[in-house]
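A look at the structure
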There are 2 protein chains.
Amino acid sequence: MDNRDHLIEKLVMQNNQKILLLVMDGIGDIPHKDFGKKTPLEYAITPNLDKLAKESVMGRLIPVLPGVTPGSGPGHLGLFGYDPLQYQMGRGILEAAGLNMNIKDGDIAVRCNFASADENGVITDRRAGRISTEKCEELCCLISDNIKEIDGVQLIVRASMQHRFVVVFRGQNLCDRLTDSDPLAEGKQPVEIKALDDKAAFTAQVVNKFYQEVRKVIQNLKPANSLLMRGFSARPRIPTMMDRFKLNSVCLASYPMYKGLSKLVGMTVIDEAGKNIEELFQKYCELHNKYDFFFIHVKYTDSNGEDGNFVQKSKIIEEVDKALPILLEKKPNVMCITGDHSTPAAMKAHSWHHVPVMINSSYCGADGAMRFTENECNNGGLGTLESKYMMNYLLANAMKLNKYGA
Amino acid sequence: MDNRDHLIEKLVMQNNQKILLLVMDGIGDIPHKDFGKKTPLEYAITPNLDKLAKESVMGRLIPVLPGVTPGSGPGHLGLFGYDPLQYQMGRGILEAAGLNMNIKDGDIAVRCNFASADENGVITDRRAGRISTEKCEELCCLISDNIKEIDGVQLIVRASMQHRFVVVFRGQNLCDRLTDSDPLAEGKQPVEIKALDDKAAFTAQVVNKFYQEVRKVIQNLKPANSLLMRGFSARPRIPTMMDRFKLNSVCLASYPMYKGLSKLVGMTVIDEAGKNIEELFQKYCELHNKYDFFFIHVKYTDSNGEDGNFVQKSKIIEEVDKALPILLEKKPNVMCITGDHSTPAAMKAHSWHHVPVMINSSYCGADGAMRFTENECNNGGLGTLESKYMMNYLLANAMKLNKYGA
């Protein structure tokens, strides 16, 4: 972290103002030829967002660097005011934190899939037919009961959703500089895990033994008789939102990964935040007085973008629009609506395209925008900025930043 | 180069997509009071560029830093994805490379003019009446024949265009930290060349002796009886476009300096790329299958800007527009049109003004621009960015960048 980040930490002060950050995952998009060259934000009917846009300041966010397509981790870290180039979080640690596992310094976490393999160990289904979460829990118990430790390293096995689970390795001298075992394609055997660093040689030995031991336990079961491991990662050393911004923050999200990320930056994570957008927003109302900073995560704009479902992505935006009065009724002092990255429906994938952002507060200013759309945001008063600086504006609008210099 | 630049190198991968970078030198401009307060891009009639603009993403480039007017070297380095503050290339080395001279590590190159001097050595014409290239070649041979080496330092003398020539000094312990001898005005004697660094003392002695020796050879000739030296420079240590971006790149340009710059970043340089815009564009079609990255340089937008010839600058833009279908017919996957800097006709010089840029690809997005003009670019989806980041977008649009982070 350079001087530019440290300055904010020096200027920040606490007050009672409430900041609400509503992230519509993957919201940014590009004009779609099949839908009148509109983006989902342009296509959706959004009277409440339109009204808010007229009283807000707009801009475009660069999640990491110009042209760089981010994963969800770096995308969100930027929105939380962290430089995603400085803090890199592996999938293992994010998933573990999201499952509310208590990760200690020195632990190594890894994201695993149950998979199906033939008699030679060749993977025939990387997701074991997407077994149920209940089945996954059963298998994790079986593994836990049979394998307690390997070479003095303790194992903690925890089921996530469907075929996904997490293993935490706890012991001395562990290191996360390891390759993955996932061959990323069917018809291949799991790849032997290799140390990328001398320090990781012992860990490599442990995790490869773990694979063999698990196989012994489950190899005669169906359909989940193998496993794939990805994203070995240690707990990152990252200062909390309280440390950096004096914010008492809370996460309202459904998916483990976003909860995990929030936990790692010191947010309180609400376990059952809501099953749909309306419930998430109502949870905010309940908690309004308890925190300074609310992160609300809406997942399905991204999922529908990844599925190439333009219409459904627009519909999720309309759902958010419809539920927006729930949030506005509580009058958060600062309200920001944006995304962690773009997921254009035409591309069916995350992309590098700048993300629309709008900030509303008593003194946000306004820039003549009539709607919250990509092109209106191009002309916005915030200009185009890296996501990591957006938090500065949220703090500023919440009157939480002291003046710099005399 | 910091983390931010290295990230791209880590994310980049090769594929078959073709990137075409069309540089209209000095294209950026400001409204001209004698031409309806239009810029040359606004004044020109450009149906093909207009059509492309409607399907492209636009922006403004800052060549080096806000407010900084760049030379052509830094202007182009930025466009090629290099930080022009990190890599500085002297005029000598650029010209030498452009003349296809084989420059080795340790060599020092300098750009020279033949000049006219009176009996006291006072310069009466800094360009010796712009003698012909043939005359220049004749004089260079004369010098080569008469002066082989000075204090053990070998000399290589090569004619460029008109009165311009290059000298390469080859030997041990040479250093380019030297002042110029060009007084930059007539009525003065050439300035004695001074070492800016102790390490350059020997080189200063050699180059001053060289001046004296050349004078002995040519002082009784007319009109070219003296010489001026500018831009002493060693070969820079610069990674190639292949090293950094895995791009097999080619330069289509007419002027030695642009060829030289391209060669220094590892591009293949086509010797006779074309005598006019149409020929340059046709050469691209011929080579389309052979390279991944095509740099096409159009010089006369800049020359006319420097001459203050607004109408002629507009006409060059119209020529580019007319020839544009030649490029488009080959359907490059990514096409970028921009400039290395602005050269406002009203200023008759390079300037600091942001440079319009537009990028077209299958997934570029579009921002409602109707034409490729400075003001339309102000509202573009790329925002305003440093030129060195533009390459990121070209790579992204060509699907040559992996995702960053989980």
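Because the structure is a prediction, the values reported are computed rather than measured.

1. Some remarks on the overall build of chain A
The number of helices and strands found in chain A is 14 helices and 14 strands. Expressed along its principal axes, the backbone C-alpha trace of chain A runs to roughly 65 × 55 × 40 Å. Put simply, chain A has 406 residues, and 53% of those count as buried. Partitioning the contacts of chain A with sequence separation of at least 6, the portion at a separation of at least 24 is 72%.

2. Side note on the interface of chain B and chain A
Listed as interface residues are 25 residues of chain B and, on the opposing side, 33 residues of chain A. Those elements that place two or more of their residues in the side of chain B that touches chain A are α1 (3-11), β14 (383-386) and α14 (390-397) of chain B. For the side of chain B that touches chain A, the per-class residue count stands at 12 nonpolar, 10 polar and three charged.

3. Concerning the environment of B:Leu221
Residue and element names in this part refer to chain B. Here Leu-221 is to be found in the loop between α7 (201-218) and β8 (226-234). Judged by local crowding, Leu-221 falls into the partly exposed class, with 16 C-beta atoms found within 10 Å. Note: C-alpha distance between Leu-221 and Lys-315 (94 residues apart in sequence) is 41 Å.

4. Topic: the relation of the copies chain B and chain A
The operation relating chain B to chain A is a screw motion whose rotation component is 126 degrees, with 0.2 Å of axial translation and a residual RMSD of 0.3 Å. The transformation just described matches what one would write down for a three-fold rotation axis. Taking the C-alpha atom as reference, chain B places B:Asn379 closest to the rotation axis, 3.1 Å from it.

5. Regarding the domain arrangement of chain A
Residue and element names in this part refer to chain A. Segmentation of chain A into domains returns domain 1 (3-87 + 238-397) and domain 2 (94-234). Computed from C-alpha coordinates alone, the two centres of domain 1 and domain 2 are separated by 33 Å. Counting from both sides, the interface comprises eight residues of domain 1 and, opposite them, seven residues of domain 2. The leading source of residues in the side of domain 1 that touches domain 2 is helix α9 (residues 256-264), at seven residues.

6. Things to note about α14(B)
Residue and element names in this part refer to chain B. Counted residue by residue, α14 has eight buried out of eight residues, so it is predominantly covered. Among all positions of α14, only Met-390, Met-391, Asn-392, Tyr-393, Leu-394, Leu-395, Ala-396 and Asn-397 are buried. Positioned one or two residues after α14, Met-399 has a phi angle of 60 degrees, which is positive.

7. A word on the packing of helix α6 (residues 133-146) of chain A against helix α7 (residues 201-218) of chain A
All names here are of chain A. Where α6 meets α7, the closest approach of the two axes is 10 Å, and the angle between their N-to-C directions is 115 degrees. Seen along the crossing, α6 lies across α7 with a hand that is right-handed. Taking contact as the criterion, the partners of Leu-139, Leu-142, Ile-143 and Asn-146 in α6 are, on α7, Val-214, Val-217 and Ile-218. For the contact of α6 with α7, the residue count by class is six nonpolar, one polar and no charged.

8. Examining the nonpolar core
Most often, soluble globular proteins keep nonpolar side chains buried together rather than apart. By size, the foremost hydrophobic cluster in this structure holds 244 residues, and its most contacted members are A:Leu20, A:Leu394, B:Leu20 and B:Leu394. The residues contacting B:Leu394, other than those within four sequence positions of it, are B:Ile19, B:Leu21, B:Val334, B:Cys336 and B:Ile359.

9. As for the sheet that holds strand β9 (residues 249-252) of chain B
The strands making up a sheet are joined through hydrogen bonds of the backbone, oriented either antiparallel or parallel. Residues and elements named next belong to chain B. Taken in spatial order, the eight strands line up as β10-β9-β11-β1-β12-β13-β2-β14 in an open sheet, and their pairing is mixed. In this open sheet, the two strands that pair with only one neighbour each are β10 (268-269) and β14. In terms of strand pairing, strand β2 (residues 57-62) meets β14 through four bridges, oriented parallel. Residue Gly-59 lies in a different strand from β14, and its bridge partner there is Gly-383. Relative to the sheet, helix α12 (residues 310-329) contacts β1 (19-24), β11 (293-298) and β12 (334-338), its axis offset from that of β1 by approximately 165 degrees.

10. Let's talk about the confidence of the model for chain A
On average, residues of chain A carry a pLDDT of 95, and 99% of them reach 70 or more. Complex prediction metrics read pTM 0.90 and ipTM 0.89.

11. Focus on the sheet that holds strand β1 (residues 19-24) of chain A
Residue and element names in this part refer to chain A. One open sheet holds the eight strands; their spatial order is β10-β9-β11-β1-β12-β13-β2-β14, and the pairing between them is mixed. Only two strands of the sheet have a single partner each, and these edge strands are β10 (268-269) and β14 (383-386). Pairing of β1 with strand β12 (residues 334-338), which is carried by five bridges, proceeds in the parallel orientation. Counted as the bridge partner of Leu-20 is Met-335 from β12. Here helix α12 (residues 310-329) sits on the sheet and contacts β1, β11 (293-298) and β12; the angle it forms with β1, its principal contact strand, is near 165 degrees.

12. Observations regarding the pairing of β9(B)
All names here are of chain B. Alternating residues of β9 divide into Ser-249 and Cys-251 and Val-250 and Leu-252, and every residue in both groups is buried. Summarising the sheet, β9 and β11 pair through four bridges and their orientation is parallel. Bridge pairing links Val-250 to Phe-294 in β11. Here β9 runs beside β10; their pairing, made up of two bridges, is parallel. Paired with Val-250 across the strands is Thr-268, a residue of β10. Between the parallel pair β9 and β10, the chain is carried across by helix α9 (residues 256-264), and the sense of this crossover is right-handed.

13. Describing the environment of B:Asn375
Residues and elements named next belong to chain B. Secondary-structure assignment places Asn-375 in helix α13 (residues 374-378). C-beta crowding within 10 Å serves as the criterion here: with 14 such atoms nearby, Asn-375 is assigned to the partly exposed category. Sequence separation between Asn-375 and Ile-30 is 345 residues, and the spatial gap between their C-alpha atoms is 9.8 Å.

14. A word on α12(B)
Residue and element names in this part refer to chain B. Here α12 contains 20 residues, and its C-alpha end-to-end distance of 30 Å stays within 8% of the 28 Å for a straight helix at 1.5 Å per residue. Taken as a whole, α12 carries its principal kink of about 40 degrees at Ala-323; the proline Pro-325 stands between one and four residues after it. Burial in α12 covers these residues: Phe-310, Lys-313, Ser-314, Ile-316, Ile-317, Val-320, Asp-321, Leu-324 and Leu-327.

15. Concerning the pairing of strand β7 (residues 164-170) of chain B
Residues and elements named next belong to chain B. Across the seven residues of β7, five count as buried, placing the element largely inside the fold. In the sheet, strand β3 (residues 108-117) pairs with β7 via six bridges, with the strands oriented antiparallel. Looking at the pairing, Ala-109 lines up with Val-168 of β7. In the sheet, strand β6 (residues 153-159) pairs with β7 via six bridges, with the strands oriented antiparallel. Paired with Ala-159 across the bridge in β7 is Phe-165. Taken together, β6 and the strand that follows it, β7, pair antiparallel across an intervening segment of four residues, in which Gln-162 is found at a positive phi of about 50 degrees.

16. Here we look at the environment of A:Phe281
All names here are of chain A. Mapped onto the secondary structure, Phe-281 falls in helix α10 (residues 277-287). Overall, Phe-281 belongs to the buried group, with 24 C-beta atoms counted inside 10 Å. Phe-281 has contacts with Ala-323, Ile-326 and Leu-327, leaving out every residue within four places of it along the chain.

17. Focus: the packing of helix α5 (residues 91-98) of chain A against α9(A)
Residues and elements named next belong to chain A. Remark: α5 packs on α9, axes separated minimally by 6 Å, with the N-to-C direction vectors making an angle of 90 degrees. The orientation of α5 relative to α9 falls into the category roughly perpendicular. Contacts between α5 and α9 involve Leu-94, Glu-95, Ala-96, Ala-97 and Gly-98 from the former and Pro-256, Met-257, Lys-259, Gly-260, Leu-261, Lys-263 and Leu-264 from the latter. Within the contact of α5 with α9, the residues separate by chemical class into seven nonpolar, two polar and three charged.

18. Here we look at unusual backbone geometry
Residues and elements named next belong to chain A. Cis geometry marks the peptide bond from Lys-222 to Pro-223; its omega dihedral reads -5 degrees. Positive phi, close to 55 degrees, is recorded for Lys-348, a residue that is not glycine. Inspection of the secondary structure assignment puts Lys-348 in the loop between β12 and β13 (355-360).

The rules behind each value
Residues numbered from 1 in each chain as written. Chains lettered and ligands numbered in written order. Predicted model: local features only at pLDDT ≥ 70, side-chain atom pairs only at ≥ 80, totals over all residues. Helix = DSSP H or I, 4+ residues; strand = E, 2+ residues; numbered from the N terminus. Buried ≥ 20, exposed ≤ 12 C-beta atoms within 10 Å, placed from the backbone. Contact = placed C-beta atoms within 7 Å. Nonpolar A, V, L, I, M, F, W, Y, C, P; charged D, E, K, R; others polar. Least-squares fit on C-alpha atoms with pLDDT ≥ 70 in both. Domains from an automatic or database assignment. Axes fitted to C-alpha atoms, helices over the stretch in contact; angles between N-to-C directions. Left-handed = near helix turned anticlockwise from the far one by under 90°. Core = buried A, V, L, I, M, F, W, Y, C linked by C-beta atoms within 7 Å. Pairing = 2+ DSSP bridges. pLDDT = per-residue confidence, 0-100. Right-handed = clockwise from strand over helix to strand, strands pointing away. Expected span 1.5 Å × (residues − 1). Bend = angle between axes of the 7 residues up to and from the residue. Parallel < 35°, antiparallel > 145°, perpendicular 65-115°, else oblique.

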